[in-house]
Amino acid sequence: MTDKIDKEPADTPPQASPAPETIKAIPVRHYGRYVSAVIVLALVALLVNAFATAEKIQWSAVGDKLFDSTVLAGAGRTLLISVLAMIVGVVLGVLLAVMRLSKNPVTSWVAWAYIWFFRGTPVYVQLLLWFNLALIFPILNLGPIYKNEMTDVMTPFMCALLGLGLNEAAYMAEICRAGLMAVDEGQTEAAHALGMSHGKTLRRIVIPQAMRVIVPPTGNEFINMLKTSSLVYAVTYNELLRATSTIGSTSYAVMEMLFVASIWYLVMTSVFSVFQYYLERRFARGSSRNLPPTPFQKIRANLLSLRSPQGGAA
């Protein structure tokens, strides 16, 4: 006997499987984060309250002197000396980096010795050396080109410019050298194969590609230069710190004027930090497909995350 096999008609649609139950995701509560956040906020509140309620600090003087003409002039000189010293540092740093990578042992050794000296001695000491140079050379004699007393040549502005600029050149030389070495050697070999000279290869092939590595840390160096410029107080250059200290010593508001100087330093560094961020983001386009979000994008994402429900379907 043959068993009968029941077959379903061909036109019968297959029965749909039941939909899985929705899983409700319960967020993990991080109680340690809450506790640490409360402790940090409490400490910050205590610190702010201590300064706000200090009887010997006249906060009204801070507001009155914040936009004083002397303070604004000092802030302008700080910005001026920082920009000029940075230009000197960048130009000389590029030259030193090329000399350091040169196959000529003399130029390479001279560049190494320059970097070794200016990175190995404090900026404060270098400023004092320039300021007291007249003790060694009373007369600056360049033959038929120029001759004058060293005290007239080494003004506070010149001492500040040379002290900051030449020191910055040593650090910029290492930054530029790292950028030049980051370019693949095949680029140089290909340029030489096309008949380009070494100088032309540097100008048209190597340096444009190295800028992606050089420019971001250069922005950071400029922000650091804004703060380091306060050291030119030692050579009597009337920048921001010296301007506020002069007012503080005559008005007996020493701490208040230091707060004024700190506020202006924070304003300048914050503004240029924003420029540095977008500069780094621009030069990251050649190496990163997904650019990091901007501060406004981060704020918007955080606000949207706060509005969205904690739980969701997985």
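Here, every reference points to the structure presented above.
Our subject in this report is the structure included herewith. (Residues numbered from 1 in each chain as written. Predicted model: local features only at pLDDT ≥ 70, side-chain atom pairs only at ≥ 80, totals over all residues. Heavy atoms only, no water.)

Here's the deal with the packing of helix 3 (residues 69-100) against helix 10 (residues 240-251)
What counts here: Fitting a line to C-alpha atoms yields each axis, with helices limited to the stretch in contact; the angle taken between N-to-C directions then spans 0 to 180 degrees. What counts as a helix is a DSSP run of H or I of at least four residues, what counts as a strand is a run of E of at least two, and both are numbered from the N terminus. Each angle is binned into one of four classes, with values under 35 degrees roughly parallel, values over 145 roughly antiparallel, values of 65 to 115 roughly perpendicular, and all other values oblique. Two helices cross in a left-handed way if the nearer one is turned anticlockwise from the farther one by less than a right angle. They cross in a right-handed way if the turn is clockwise. Whether two residues are in contact is decided by their heavy atoms, any of which lying within 4.5 Å being enough.
Relative to each other, helix 3 and helix 10 sit at 160°, their axes nearing to 7 Å. When the axes of helix 3 and helix 10 are compared, the pair comes out roughly antiparallel. Here helix 3 runs over helix 10; the crossing is right-handed. Along its contact with helix 3, which presents T70, V71, G74, A75 and T78, the element helix 10 presents L240, A243, T244 and I247.

So, a nonpolar patch on the surface
We apply this condition: Each patch groups residues whose relative accessible area exceeds 30% and which form no salt bridge, using 9 Å between like charges and 5 Å between nonpolar side chains of Val, Leu, Ile, Met, Phe, Trp and Tyr. What sets the accessible areas is the Shrake-Rupley method with a 1.4 Å probe; for residues, cover comes only from the shown protein chains. Whenever a carboxyl oxygen of Asp or Glu lies within 4 Å of a side-chain nitrogen of Lys or Arg, that contact is scored as a salt bridge.
A contiguous nonpolar patch, built from V106, W109, V110, W112, W116, F117, V125 and L129 and spanning about 860 Å² of accessible area, is present on the exposed surface. Elements represented by at least two residues in the nonpolar patch include exactly helix 4 (105-120) and helix 5 (123-131). Per element, the largest residue contribution to the nonpolar patch is six residues, and it comes from helix 4. Tracing the chain through its elements places V110 in helix 4.

Overview of the environment of A261
Its location among the elements puts A261 in helix 11 (residues 254-283). Considering only alpha carbons, one finds A261 and T244, 17 residues apart in sequence, at a separation of 6.4 Å. Dropping the residues within four chain positions of it, A261 is found in contact with L240 and T244.

Considerations on the side chain of N167
We count it as follows: In protein, a polar contact requires one atom able to donate a hydrogen and another able to accept it; more generally it is a pair of N or O atoms within 3.5 Å, and residues adjacent in sequence count only if both atoms are side-chain atoms.
Tracing the sequence through the fold places N167 in helix 7 (residues 156-182). Polar contacts involving the side chain of N167 include one to the main-chain carbonyl oxygen of F118, which spans 2.9 Å. If we skip the residues at most four places from it in the chain, N167 touches F118, T121, V123, Q126 and L162.

Notes on unusual backbone geometry
Selection rule: Each residue is placed in one exposure class: buried if its accessible area under a 1.4 Å probe, protein chains only, is under 20% of its type's maximum, exposed if it is over 50%, and partly exposed if it falls in between.
Positive phi, close to 60°, is recorded for T236, a residue that is not glycine. Here T236 is to be found in the loop between helix 9 (198-228) and helix 10. Exposure remark for T236: the relative accessible area of 35% places this residue in the partly exposed category. Positioned with a positive phi, Y252 is a non-glycine residue whose angle comes to about 60°. Inspection of the secondary structure assignment puts Y252 in the loop between helix 10 and helix 11.

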